[in-house]
Amino acid sequence: MEERDDYKFLKLRDAISCLNQRVNLVGVVLELGLPKKSKGTDFFISLKIADESYSDPGISVNFFAESVEKLPVVASPGDIILLSHVVMKTHEREVYAFFNKKFSSFALYEGLSGGDFVPYQVSARFRTRELDKKFIADLRKWLTGFQLNTDPNDFQFLREIKEGQRLSLICKILHICEVAEKEWIIYVWDGTDAPSKKIQTKMTDEMDNPLPLQLEKEPLPRDVLCTFPSAGSVLMVVLGEGNKNLGLGFLKTGIWLNFLNIICEVHAGLWRGVLMPFTKLRYVPREFRYVLGCQRCYEERLSEKWGRMPWSCFPSPSTVTEVDHDRAPLVTLRDVLSYSEVTAKFKCVMRVVAAFPCEAENFLSPAGTYRVRLTIEDPTARVHAFLYAEDGENFFDGRPSTSVLKRRMNKLLGLNEDDDSKGTEYTERDPPWVFCCLKSYYLNEGDVWGSRRYRIFDTKLVG
């Protein structure tokens with residue numbers, strides 16, 4: 001096997017003709033898989049790199065190492081990698097570079113965002129050279145005008161996701177957190193609303209096994225929620241079973257990524273994305289027309305009177321409820337959760353996915369006071385909202401008979417109006433979208449934010 005000059009870096013277009021030879025390469029990381037265990041004892045990751053000579057489709061680079069830590073940990077697709085002594089090979093007519101852990105080496109540098117020429121990760125054998133700076137500077141310059149050669153129809157918006165299908169989503173990473181050791185969650189967004197799903201539960205489960213407000217064990221801190229956009233679903237993304245314990249700490253917030261072959265699931269009526277062993281993360285340029293289109297549509301949405309209305313309820317919400325504040329601006333439940341003042345009043349379009357108690361005859365306390373907890377949601381959040389005392393009187397229009405209450409609540413919850421199962425059977429419900437007025441309050445003056453709650457007011461259930 002011929003060894004090439006250590007100081008000679010080949011263009012990728014030239015490297016593909018150097019089969020079974022050791023070469024030095026430098027390129028932009030366009031795509032990366034998730035690290036995984038090989039069939040042997042090593043760990044494996046595959047990257048796809050490109051340069052100005054060979055940007056489509058680029059060249060794959062396959063790495064093997066004794067531990068995940070020794071693999072390249074790309075901080076963001078779009079970063080730059082220098083490779084020394086990789087071997088050009090072919091498999092099923094596709095040429096790729098093979099990183100041999102015995103003699104190959106690499107260094108990773110920031111891409112467009114980089115302001116220096118200091119690598120943020122180097123392998124054991126890598127030696128930096130003054131000439132490296134020119135290669136990196138040239139690639140950064142090339143990246144400023146780089147556009148993906150892709151058809152926008154190849155991607156799906158969050159509004160188009162379906163259960164169990166392999167999807168190609170382009171989303172902005174809003175937040176990343178490690179909820180337990182090597183257990184990571186990513187929160188992504190594209191400005192659209194994920195489809196609302198039918199609720200499959202027993203109504204009586206609300207006592208001992210209530211519908212969750214989120215799929216995570218703990219809700220996100222309020223200071224994190226305040227950084228999220230007002231409208232549009234935020235998809236929680238986790239690692240699938242085959243990728244557990246491999247970590248996602250290398251990703252950066254604020255960047256747009258293409259999640260290729262991600263799977264979406266629904267649990268308790270809530271969406272989540274799953275990164276599978278076959279999922280790939282692809283670089284998306286800042287000025288990519290698809291991204292600019294998402295941002296423009298979101299800004300237009302916020303400027304419209306009904307822009308915060310859930311897309312699932314167009315052209316208009318159901319008439320199951322009436323509110324007293326027709327001219328009040330519409331807000332999302334995320335707006336409510338992140339509002340700067342503890343006590344405030346809001347008007348939303350939401351749906352009621354659960355009620356406790358579930359039996360209409362138990363809505364009144366022994367003292368004759370309404371006390372009902374509703375679980376409400378829109379595409380941005382799910383919260384508990386209470387009907388209490390005079391607000392309950394207004395909502396239910398006084399104290400109608402149990403049969404009338406039951407019929408109206410069935411309609412609100414997406415049940416057949418004449419359903420008389422008492423909530424003991426599994427049902428598939430699709431609650432209607434309705435107008436609702438909310439007010440926030442607190443229970444503890446010593447912890448106003450921690451004890452913040454929500455009540456429904458100036459809203460009437462009709463029909």
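Going by the structure above, here's the rest.
On a predicted model such as this, the values are computed, not experimentally measured, just so you know.

S.K.: Outline the overall build of the protein, listing residues and values.
M.R.: Assigned secondary structure in the protein consists of seven helices and 24 strands. Looking at the protein residue by residue over its 463 residues, the buried ones come to 53%. Contacts in the protein between residues far apart in sequence, at least 24 positions, make up 67% of those at least 6 positions apart. In the form shown here, the protein has an accessible surface area of approximately 21,900 Å², with 48% of it arising from carbon and sulfur atoms. Across the protein, the mean location of the 62 positive side-chain charges is 3 Å away from that of the 64 negative side-chain charges.

S.K.: Hey, could you go over a nonpolar patch on the surface for me, with residue numbers and the actual values?
M.R.: Side chains of Trp 306, Trp 311 and Phe 314 sit close together on the surface and give an oily, nonpolar patch of about 290 Å² of accessible area. Relative to the helices and strands, Trp 306 is located in the loop between α4 (289-303) and β17 (321-323).

S.K.: Describe helix α7 (residues 402-413), naming the residues involved and giving the relevant values.
M.R.: With 12 residues, α7 extends 16 Å between its outermost C-alpha atoms, agreeing within 8% with the 16 Å of an ideal straight helix rising 1.5 Å per residue. Among the residues trailing α7, Gly 414 stands out with phi positive, at a value near 85°.

S.K.: Please set out the state of the cysteines residue by residue, giving values where relevant.
M.R.: Scanning the model with the defined rule gives zero disulfides in all. Take Cys 171: it sits in no disulfide, and the sulfur closest to it among the cysteines is that of Cys 294, at 7.9 Å. Note on Cys 171: relative accessible area 1%, which makes it buried. A disulfide-free cysteine, Cys 294 has its sulfur positioned 7.0 Å from the sulfur of Cys 297, the nearest such atom. Given the relative accessible area of 4%, Cys 294 is considered buried.

S.K.: Mind laying out the pattern of salt bridges, listing which residues take part and the relevant values?
M.R.: For side chains of opposite charge, pairing can occur when their charged atoms come near one another. Summed over all chains, the structure comprises 22 salt bridges. Lys 197 is the partner of Glu 163 in a salt bridge, and the nearest nitrogen-oxygen pair spans 3.3 Å. With a gap of 34 residues between them, Glu 163 in the loop between α2 (132-143) and β10 (166-180) and Lys 197 in the loop between β11 (183-189) and β12 (199-201) connect regions that are remote in the sequence. We note a salt bridge from Asp 193 to Arg 301, for which the minimum N-O separation is 2.7 Å. Of this pair, Asp 193 sits in the loop between β11 and β12 while Arg 301 sits in helix α4, placing them 108 residues apart in sequence. Arg 301 sits in the buried class, given a relative accessible area of 5%. Three or more residues are tied together by salt bridges with common partners; here these are Arg 351, Glu 377, Arg 382 and Asp 430.

S.K.: Can you lay out α4 for me, pointing to particular residues and giving the numbers?
M.R.: Compared with the 21 Å implied by 1.5 Å per residue over 15 residues, the 21 Å span of α4 between its first and last C-alpha is a close match. Within α4, the full set of buried residues consists of Tyr 290, Val 291, Gly 293, Cys 294, Tyr 298 and Arg 301. Relative to the axis of α4, the buried residues are bounded by an arc of 160° and lie together on one face. The exposed residues of α4 that point more than 90 degrees off its buried face are Glu 299 and Ser 303. Looking at the buried residues of α4, the elements they touch are β10, β11 and β14 (256-267).

S.K.: So, the pairing of strand β4 (residues 43-50): which residues are in play, and what are the values?
M.R.: Of all eight residues in β4, eight are buried; the element is thus mostly enclosed. Relative to β4, strand β2 (residues 22-33) runs antiparallel, the two being bridged by four bridges. When the sheet's bridge partners are listed, Val 28 is paired in β4 with Ala 50. Of the strand pairs in this sheet, strand β3 (residues 36-37) and β4 are connected by two bridges, and their pairing is antiparallel. Within the sheet, the bridge partner assigned to Lys 37 lies in β4 and is Phe 43. The hairpin formed by β3 and β4 contains five residues between the paired strands. Alignment of β4 against strand β5 (residues 59-65), held across seven bridges, turns out to be antiparallel. When the sheet's bridge partners are listed, Ile 49 is paired in β5 with Ile 59.

S.K.: Give a description of the packing of aromatic side chains that names residues and reports values.
M.R.: Following the criterion strictly, the structure yields 20 aromatic pairs and no others. Arranged with centres 5.2 Å apart and planes meeting at 15°, the rings of Phe 157 and Tyr 290 form a pair that is stacked. With Phe 157 in the loop between α2 and β10 and Tyr 290 in helix α4, this residue pair connects regions lying 133 residues apart in the sequence. Of the aromatic side chains, those joined through ring pairs into one cluster are Phe 155, Phe 157, Phe 288 and Tyr 290. Lying across the ring of Phe 103, Arg 22 places its NZ or CZ 3.5 Å from the centre. Residue placement shows Arg 159 over the ring face of Phe 157; its charged tip is 4.3 Å from the ring centre.

Definitions and limits used
- Residues numbered from 1 in each chain as written.
- Predicted model: local features only at pLDDT ≥ 70, side-chain atom pairs only at ≥ 80, totals over all residues.
- Heavy atoms only, no water.
- Helix = DSSP H or I, 4+ residues; strand = E, 2+ residues; numbered from the N terminus.
- Buried < 20%, exposed > 50% of the residue type's maximum accessible area, 1.4 Å probe, protein only.
- Contact = heavy atoms within 4.5 Å.
- Areas by Shrake-Rupley, 256 points an atom, 1.4 Å probe, with all protein chains shown as cover.
- Lys, Arg positive; Asp, Glu negative; His and termini not counted.
- Charge placed at Lys NZ, Arg CZ, Asp CG, Glu CD.
- Patch = residues over 30% accessible without salt bridge, like charges linked within 9 Å, V, L, I, M, F, W, Y side chains within 5 Å.
- Salt bridge = Lys/Arg side-chain N within 4 Å of Asp/Glu carboxyl O.
- Expected span 1.5 Å × (residues − 1).
- Disulfide = S-S within 2.5 Å.
- Arc of directions from axis to C-beta.
- Pairing = 2+ DSSP bridges.
- Phe/Tyr/Trp six-rings, centres within 6.5 Å; stacked < 30°, edge-to-face > 60°.
- Lys NZ or Arg CZ within 6 Å of the ring centre and 35° of its normal.

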